[in-house]
Amino acid sequence: MSWEVVIGLEVHLQLATRSKIFSGAATAFGAEPNTQACAVDLAMPGMLPVLNEQAVRYAVMFGLGIGAEIGLRSVFDRKNYFYPDLPKGYQISQFQEPIVGRGEFEIQLEDGSTRSIGITRAHLEEDAGKSLHEDFHGMTGIDLNRAGTPLLEIVSEPDLRNAEEAVAYLKTLHSLVTYLGISDGNMAEGSMRCDINLSLRRAGSTTLGTRAEIKNVNSFRFVEKAIHHEIERQAEILEAGGQVVQETRLYDADRDETRSMRSKEVANDYRYFPEPDLLPVVIDQAWVESIRATLPELPPAKRQRFVSDYGLSSYDAGVLAANRALADYYEAVVEGCTDAKIAANWVQVELLGQLNRGELELGQSPVGAAALAGLIQRILDGSISGKIAKQVFEAMWAGEGDADTIIAARGLQQVSDSGALEALVDEVVGGNPAQVAQYLAADEGKRKKLVGFFVGQIMKLSKGQANPQMVNELLNKKLAAAGSDGES
Amino acid sequence: MHELSVAQLSLGLREKQFSSVELTRSYLDRIRALDGHYNSFVTVDENGALAAAAAADTRLAAGETGPLLGIPLAHKDIFCSRGVRTSCGSKMLDNFVPPYDATVATRLRDAGTVMLGKTNMDEFAMGSSSESSFYGPVRNPWHSDCVPGGSSGGSAAAVAARLAPLATGTDTGGSIRQPAAFCGITGLKPTYGRVSRLGMVAFASSLDQGGPMARSAEDCALLLNAMAGFDPLDSTSSELPVEDYSVGLQQPLAGLRIGLPREYFGAGLDAATGERIHAALALLEQLGAILVDISLPHTGLSIPTYYIIAPAEASTNLSRFDGVRYGYRCQQPRDLHDLYTRSRQEGFGDEVKRRILVGTYALSAGYYDAYYRKAQQVRRLIQEDFLKAFEQVDMIAGPTTPGPAFTLGAKGSDPLAMYLEDVYTLAVNLAGLPGMSVPAGLVDGMPVGLQLIGQHFREARLLNVGHQLQQASDWHRQVPPVGARSAGEGVWSSPGLSPAERAPTEWAPTERAPAERAPTERAPTGGAP
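Residues numbered from 1 in each chain as written. Chains lettered and ligands numbered in written order. Predicted model: local features only at pLDDT ≥ 70, side-chain atom pairs only at ≥ 80, totals over all residues. Heavy atoms only, no water.

*Asks:* Any chance you could explain the packing of aromatic side chains here in plain terms?
*Replies:* Given two aromatic rings, one states the distance between the centres and the angle between the planes to describe the pair. Counting across every chain of the model gives 29 aromatic pairs over all chains. Look at Phe393 of chain A and Trp397 of chain A: their rings are 5.8 Å apart centre to centre, the planes differ by 45 degrees, and that puts the pair in the tilted class. Remark: Trp397 of chain A and Phe393 of chain A occur in helix H10 (residues 386-397); sequence separation between them is four residues, near one turn of the helix. Of the two residues, Phe393 of chain A and Trp397 of chain A, both sit in the buried class. Between Tyr368 of chain B and Tyr372 of chain B, the ring centres sit 5.4 Å apart and the planes meet at 35 degrees, which makes this aromatic pair tilted. Neither residue differs from the other here; Tyr368 of chain B and Tyr372 of chain B are each classed as buried. An aromatic cluster is built from Phe96, Phe124, Phe321, Tyr326 and Phe348 of chain B, whose rings are joined through pairwise contacts. One residue, Lys79 of chain A, lies across the ring of Tyr270 of chain A, its end atom 4.4 Å from the ring centre. Above the plane of the ring of Tyr439 of chain A lies Arg447 of chain A, whose end atom (NZ or CZ) is 4.8 Å from the centre. (Phe/Tyr/Trp six-rings, centres within 6.5 Å; stacked < 30°, edge-to-face > 60°. Helix = DSSP H or I, 4+ residues; strand = E, 2+ residues; numbered from the N terminus. Buried < 20%, exposed > 50% of the residue type's maximum accessible area, 1.4 Å probe, protein only. Lys NZ or Arg CZ within 6 Å of the ring centre and 35° of its normal.)

Dropping the structure here:
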């Protein structure tokens, strides 16, 4: 039987504010447990929330980034449930009136095609703390450093049809939010966590099947695996004539399986009601417009510009535009060297290659954009060949200085002096009479191949510094002369 | 000395008739000698008070002046006080020593007041009699068989018995005004948002408001001057500038239009109490006020509306008391569920549990629209009643309560009878208006109060009217017969109440050592980065 997969994603995005959404405590990751939890975060008696304006600003930036309606009036609600890492016994969230309404954005798939995915809403809320079950001998430790960290919960429409689309959606989202600078997007530290709602239906059906929700999946790869696994699980149930139970499941990366956490029958009644400690958030259109004016160029526009202004292929433009830091780096290289295509090639092949090998972030690159542009300039002005340039780049990576310093120190300057080159050509032609004779005896087709031998010898003698174009010209001249000498 | 007004005490301090330490010591002596009768204090902080008084004396000696500098006062035990246990009248917080001050406490500390201690109250401010405290019931200084009202009954009794010249209170449905009326003192509930709620243990966030309690409107004005004002850490506090409430006290009342809602003078009002109220109103008329009959047609709905909204908010405000981070924790919990259920079962008293249950029910899926949403709609109708009335009149007046203080235990077993006590005060909280109770004489030797209700942020006018009334009468100068009317009974015994059940055996009304487990030290540092 053929099943259609229906997937909607809920992404919990940690916003990159310095302090928490309702308190002045810091949000930095990795501090000693409970050192970044103030009286508000600990829900001490009488403590009150005060909304962090920056969190609202970031939420509005996201809304504008996906062309969504911005809620000029939004309301915080209390979502009530008991859990030790939820100090107040309720989470402050937005229920009926979220800050960001309907929007959509385009995802790009591997084959280059695009799809438009709807965003239902995005709302602000606070994160909970963490329960630590290890190291406490049958007890549970509570770390409230994360409690009160601002989250933007981004809810998609059930528009995704397979794991590839889900991952592409997340990557596009990741690219967007890091572009906007509203989140560090660090998935390993939990800055972007994903709940997957997945159901199957018969191909052609328009009603939705019963869904399962897979909670808290926090890497692209795990999302992909969890979806594959869940599709298989549900298909097996349906094909055996069974029914999928609406429930919350957990993806276990170690065992590569999902398992049931709780079913809907025992689900909490969250008793949502408007948070009386906070006034409704009322913002005006002028404020929204002032934020719109500060938005950076976003990936789709940038990709388009790279194609039209720099003549890049759609694929290359997509790679370079996907990451704001990389795009900025690339554009700085273009500015410094003026050749956009060579710059694109060097950034994508050499730079990204070195970064990948060293498992480094762009910010950790020992070669800055200006330095790389300097190197490319030396290729363009004929000082060095592309091949030598790769050696120079490696030396630059190793910290030996800028391109000019390395070229001078190693004497890598390309030899374009015709006198010096002629002497080299004479030496090689004169020193290899057998090869010359073979060359002269060969037909036009084979000569092309044989001439490579002489070029190789000359480059070897010149340590690769001979100007290849001039070598070719001189060599052709000399070999032709040798031929006419022999005939005479 | 204990009959002097705050202005007179302040003058005495400035003129070195007595020092703040001497003044403070005399109040501490009085508390030690007399509070066994009233049980109005939960904690008396002798060392802290004497240190604060000495500091005030240093400031006075340096020539500093300030209307409250060196003046002792008592805080309701709902305001967090750094280093001093803040119990909220509950076993749940019997061991809780806040590492921070409520904004009100900070402001009053900065003003140079000397905190004598923390006053007894209904548990988590839920009650109208101060009987539901973990620390035993408070007695009315006018008659020890009677309740002082609640929930700020400890503050009211302490001021009435001259154990403190000033006290703070909080009012969610009448908790300042009703005990002020029952104890023959003056108490003002300011406009919602006028006084910061930060550090005030929350009961019902949209209704709670702190305010002053004293023997006169003049003293209340001085205390409110120091309490009121915008607090950036309370999002619901108002940014409207605060007036000097003392400045306008002398303003004549000529032409003041006072509305008398017919719903406040109906069947439920005790006849003798009604007479006292009419006498007070007649005096206001003599002072130039014009009395106008008005109607607040939705008054009757304020009780059911309040008893949905307040418990709903309370049910979630009290979720933080879970035995995990501070406060009471049951012995040897078997698992998480056991920790929650037993800590809350053992830590909360009956009235608190009742309201948590009611509030949880009102917010539950399927009931929300019928109860909570409906209550919010009615709340708007009640607000509109007042706004409409204020198109005709400047102020509204009536009784604070249906009658004088009832006896201890009389309504303890009947929550609904207790809730009816608040019929004239609840609507003021639902509408967010300022309301004040001033003494209006005695009924069978027990005080009753005249309630004045003002327009939003018109506390100054209320205090002005209260002051003018008090200049022309001596109801507020009547002194309870200290200890004389305890009817020969032991102060702890009374019908329907077993002290052993109500009071923890180890409790004594003196300073207690702070509990060992103090929470982390960080104070909030503000909102936006």
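*Asks:* Help me out: how do you make sense of the pattern of salt bridges in this one?
*Replies:* Proximity of charged atoms lets side chains of opposite charge pair with each other. For the structure shown, the criterion picks out 49 salt bridges over all chains. Across the pair Arg201 of chain A and Glu4 of chain A runs a salt bridge, and its minimum N-O distance is 2.8 Å. With Arg201 of chain A in strand E10 (residues 192-202) and Glu4 of chain A in strand E1 (residues 3-14), this residue pair connects regions lying 197 residues apart in the sequence. The salt bridge partner of Arg32 of chain B is Glu46 of chain B, with a shortest N-O separation of 2.6 Å. With Arg32 of chain B in helix H2 (residues 20-38) and Glu46 of chain B in helix H3 (residues 46-61), this residue pair connects regions lying 14 residues apart in the sequence. Connected through salt bridges with shared partners, the residues Arg78, Glu275 and Asp277 of chain A together with Arg197 and Asp234 of chain B form a single ionic network. (Salt bridge = Lys/Arg side-chain N within 4 Å of Asp/Glu carboxyl O.)

*Asks:* What am I meant to see in empty space enclosed by the protein here?
*Replies:* One way to see where empty space is left: roll a probe the size of a water molecule over the atoms. Residue and element names in this part refer to chain A. Counted under the stated rule, the structure contains six cavities of 30 Å³ or more. Estimates place the volume of the largest cavity at around 160 Å³. Along the walls of the largest cavity sit 23 residues, with Phe22, Val40, Asp41, Lys88 and Glu126 positioned nearest its centre. Of the residues contributing to the lining of the largest cavity, the split by class is twelve nonpolar, three polar and eight charged. (1 Å grid on protein atoms, 1.4 Å probe; cavity = no way out; pocket = protein on both sides within 12 Å on 5 of 7 lines; lining within 4 Å. Points joined across faces, edges and corners; volume = space filled by probe spheres on them. Nonpolar A, V, L, I, M, F, W, Y, C, P; charged D, E, K, R; others polar.)

*Asks:* Whenever I open this one, a negative patch on the surface confuses me. Can you help?
*Replies:* Residue and element names in this part refer to chain A. Where like charges cluster on the molecular surface, the negative patch consists of Glu110, Asp111, Glu164 and Glu224. Summarising the element assignment, Glu164 is placed in helix H2 (residues 163-180). Under the relative-accessibility criterion, Glu164 is labelled partly exposed at 39%. (Patch = residues over 30% accessible without salt bridge, like charges linked within 9 Å, V, L, I, M, F, W, Y side chains within 5 Å. Areas by Shrake-Rupley, 256 points an atom, 1.4 Å probe, with all protein chains shown as cover. Lys, Arg positive; Asp, Glu negative; His and termini not counted. Charge placed at Lys NZ, Arg CZ, Asp CG, Glu CD.)

*Asks:* For this particular structure, what's the right way to read helix H10 (residues 336-347) of chain B?
*Replies:* Residues spaced three or four apart along an α-helix point in a common direction, a consequence of the helix completing one turn every 3.6 residues. Residue and element names in this part refer to chain B. When the terminal C-alpha atoms of H10 are compared, their 16 Å separation across twelve residues agrees well with the 16 Å that a helix rising 1.5 Å per residue should span. Those residues of H10 not exposed but buried are Asp338, Leu339, Tyr340, Ser343, Arg344 and Gly347. In this structure, the buried side of H10 is in contact with helix H11 (350-363). Where H10 begins, the side chain of Asp335 points an oxygen toward the backbone nitrogen of His337, at a separation of 3.3 Å. (Expected span 1.5 Å × (residues − 1). Contact = heavy atoms within 4.5 Å. Polar contact = N/O pair within 3.5 Å; in protein donor to acceptor, adjacent residues only side chain to side chain.)

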